[in-house]
Structures are given as C-alpha cells and as structure tokens.
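Next come the chains, spelled out residue by residue.
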Amino acid sequence: MIKIAPSILAADFGALREDVIAIEKAGAEWAHIDIMDGHFVPNLSMGPDIVKSIRDASKLFFDCHLMVEDPKMFVEPFVKAGAELITFHAECVEDMDELIDYIHSFGVKAAVAIKPATSEEVILPILHKLDMVLIMSVVPGFGGQKFMPEVLDKVRNIRKHEHGKDIDIQMDGGINAETAALAAAAGVNVLVAGSAVFAKKPYTETIRAIRESAEKAANA
Ligand code: DX5
Ligand code: ZN
C-alpha cells in the first residue's frame, strides 16, 4: 500500500498546526518530520518541543527523520514528543543493531536512512530487524532539491534481499507526481514530499496526484 508522508519542513512554520491539520484532511497518512542539528547536515530545523506542540493536532503517524550526529541522544526526547517511527542515518552510527534495539525498547518503529553516496549493502545484514529503510534521493539538508534517479537501483536490491518481509521502503527528496512513479516502480511504498505538497493549497490535489501516479506505477 502506498503511503504519503508530507515533509513539514516545507510547511508554514508560523502556522504549523494548521498545516498539519490540512495535510491530514488532504489524505496524507504520515507526517514526515525532518530533524537537523547543524552538524550532520548544514541546516537546523526543529526540536522535540515543536513536535510536541503539533502532536495533538492530528492522528497522523509521526515519522521522525533524524539528520543528527548523535541520534541515540534524541530517541527518547522525540518519542516522548510523539514520534512513532525513528529513522537514523547509517553514516553516523557504529552499532546499528544496538540502536535499533534501543529504539524498539520505547515501543516505536525503527528505520535506517542512507545518503545517495552510501551503499545499501550496509543495511542488508540488519534488514530483518528494521521496520523501514529510507533511501535518500537528494543529499540531506534542504528541501526543494532535484531527484537523483541513480538511487533507484538500491530499492530494487533491497526488495531482492527482504525474503518476503515486505518491509516499508521510503524515498525522500525531490518527490512529485512524476518521480513518485519512478520510485514506486522500483519498489518504494512510502513517499516523502515537501516542496511539491506545500507549494499550493489545497494540498488534496497534489497528494492525490502523487498517490495515483505511484499506485499506477506499482501495479504496472
Ligand atoms: C532533506 C529532507 C527531506 C526534504 C524533502 O534533507 O530529509 O525530507 O524536506 O523536501 P523536498 O520534497 O522538497 O525534496
Ligand atoms: Zn526527510
């Protein structure tokens, strides 16, 4: 099943609650929450207090993408703020196995993300423990960048190695109705879209267009 996860990094921060309510009404299943620390990526976004302040605005599934150098430090604060899935980056974690167990110990889902330059081979040994894999289709740090089609082969390779587990595979960066089709055809089922969704109201139309194009490509 295709799930749409608008990245609230592209929302109106001055009206964040209203935008969260709007994407839920527009049919999104998840809210993708980009957390940046100015070290792992050269940008800052939001902390747990912001996440907490929008938690009760909707029933959306809260997906926290931690682009931070020390993800372990932030697991508990973001879970307490309402995160239901914690994604950390493979590039900054030595013992991924241990961190996955630590995230699961809070009763939430765990995912690993990889940058465009990182091989998916690093994930294959821990695939059986993961709830989701996030394949970045831009260099993390900023919204509004161009989709990198060369990452699609990673998705095909992960699907080959999942042994019927039917894991969620998320793609993040440069997703619109056109690139969503490429991602879904490769095996992606969770689509993050920031600038495409929040570019114009109502958000319903863009979310529907992304979903329809992904579903068509997935079933082709
Ligand atoms: C990039 C973030 C993305 C980003 C997506 O570092 O992880 O979630 O906000 O934005 P768009 O859809 O504009 O590429
Ligand atoms: Zn993200």
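Everything that follows concerns the structure shown earlier in this document.
Residues numbered from 1 in each chain as written. Chains lettered and ligands numbered in written order. Predicted model: local features only at pLDDT ≥ 70, side-chain atom pairs only at ≥ 80, totals over all residues. Heavy atoms only, no water.

Student: Outline the site of ligand 1, listing residues and values.
Tutor: In the vicinity of ligand 1 there are 20 residues, among which Asp34, Gly141, Asp172, Gly194 and Ser195 approach most closely. Between ligand 1 and the protein, one listed contact pairs an oxygen atom with a side-chain N or O atom of Asp172 at 2.6 Å. Contacts to ligand 1 include Gly194, whose backbone N or O atom sits 2.7 Å from an oxygen atom. Taken by itself ligand 1 offers 380 Å² of open surface, and the protein chains cover 99% of this. Sorting the residues of the shell around ligand 1 by element identifies strand S2 (30-36), strand S3 (61-67) and strand S8 (190-193) as the ones contributing at least two each. Looking at the shell around ligand 1, the element that brings in the most residues is S2, giving three residues. Each residue belonging to the shell around ligand 1 can be placed in one class, and the counts come to eight nonpolar, 10 polar and two charged. (Near = heavy atom within 4 Å. Polar contact = N/O pair within 3.5 Å; in protein donor to acceptor, adjacent residues only side chain to side chain. Areas by Shrake-Rupley, 256 points an atom, 1.4 Å probe, with all protein chains shown as cover. Helix = DSSP H or I, 4+ residues; strand = E, 2+ residues; numbered from the N terminus. Nonpolar A, V, L, I, M, F, W, Y, C, P; charged D, E, K, R; others polar.)

Student: Go over the packing of helix H3 (residues 71-81) against helix H4 (residues 96-104) with me, naming the residues and quoting the values.
Tutor: Interaxial distance between H3 and H4 falls to 10 Å at its minimum, and their mutual angle equals 10 degrees. Of the possible angle classes, the one that applies to H3 and H4 is roughly parallel. Here H3 contributes Pro71, Lys72, Val75 and Glu76 to the contact with H4, which in turn contributes Glu98, Leu99, Tyr102 and Ile103. Here the residues of the contact of H3 with H4 are counted per class, giving five nonpolar, no polar and three charged. (Axes fitted to C-alpha atoms, helices over the stretch in contact; angles between N-to-C directions. Parallel < 35°, antiparallel > 145°, perpendicular 65-115°, else oblique. Contact = heavy atoms within 4.5 Å.)

Student: Describe the coordination of the zinc ion (ligand 2), listing the residues and the values that go with them.
Tutor: The protein atoms that coordinate the zinc ion (ligand 2) are His32 (NE2), Asp34 (OD), His65 (ND1) and Asp172 (OD), at distances of 2.0 to 2.3 Å. For the zinc ion (ligand 2), the six donor atoms in the first shell make angles of 69 to 168 degrees at the metal, a pattern classed as octahedral. Spacing between the donor residues of the zinc ion (ligand 2) along the chain follows H-x1-D-x30-H-x106-D. You can see Asp34 sitting in strand S2 and its partner Asp172 sitting in strand S7 (residues 168-172), a full 138 residues away along the chain. Taking the relative accessible area as the measure of exposure, Asp172 reaches 8% and is therefore buried. (Donors = N, O, S within 2.8 Å, 3.2 Å for Na, K, Ca; no water. Tetrahedral: all angles 85-135°; square planar, octahedral: opposite > 155°, others 65-115°. Buried < 20%, exposed > 50% of the residue type's maximum accessible area, 1.4 Å probe, protein only.)

Student: Can you tell me about the pairing of strand S6 (residues 132-136), naming the residues and giving the values?
Tutor: The buried fraction of S6 amounts to five of the five residues, a majority that puts the element mostly inside the structure. Residues Met132, Leu134 and Met136 of S6 are buried on one face, and the alternating residues Val133 and Ile135, pointing to the opposite face, are buried as well. Summarising the sheet, strand S5 (residues 109-114) and S6 pair through four bridges and their orientation is parallel. In the sheet register, Ile114 faces S6, and the bridge partner there is Ile135. Across five bridges, S6 lies against S7 in parallel orientation. Residue pairing for S7: Ile135 is matched across the bridge by Met171. Crossover connection from S6 via helix H5 (residues 152-161) to parallel S7: handedness right-handed. (Pairing = 2+ DSSP bridges. Right-handed = clockwise from strand over helix to strand, strands pointing away.)

Student: Describe the sheet that holds S3, naming the residues involved and giving the relevant values.
Tutor: Spatial strand order, S1-S8-S7-S6-S5-S4-S3-S2: eight strands in an open sheet with parallel pairing. Across the chains shown, the open sheet's two edge strands, defined by having one partner strand only, are strand S1 (3-6) and S2. Geometrically, the sheet is characterised by an average inter-axis angle of 25 degrees between neighbouring strands, direction not taken into account.

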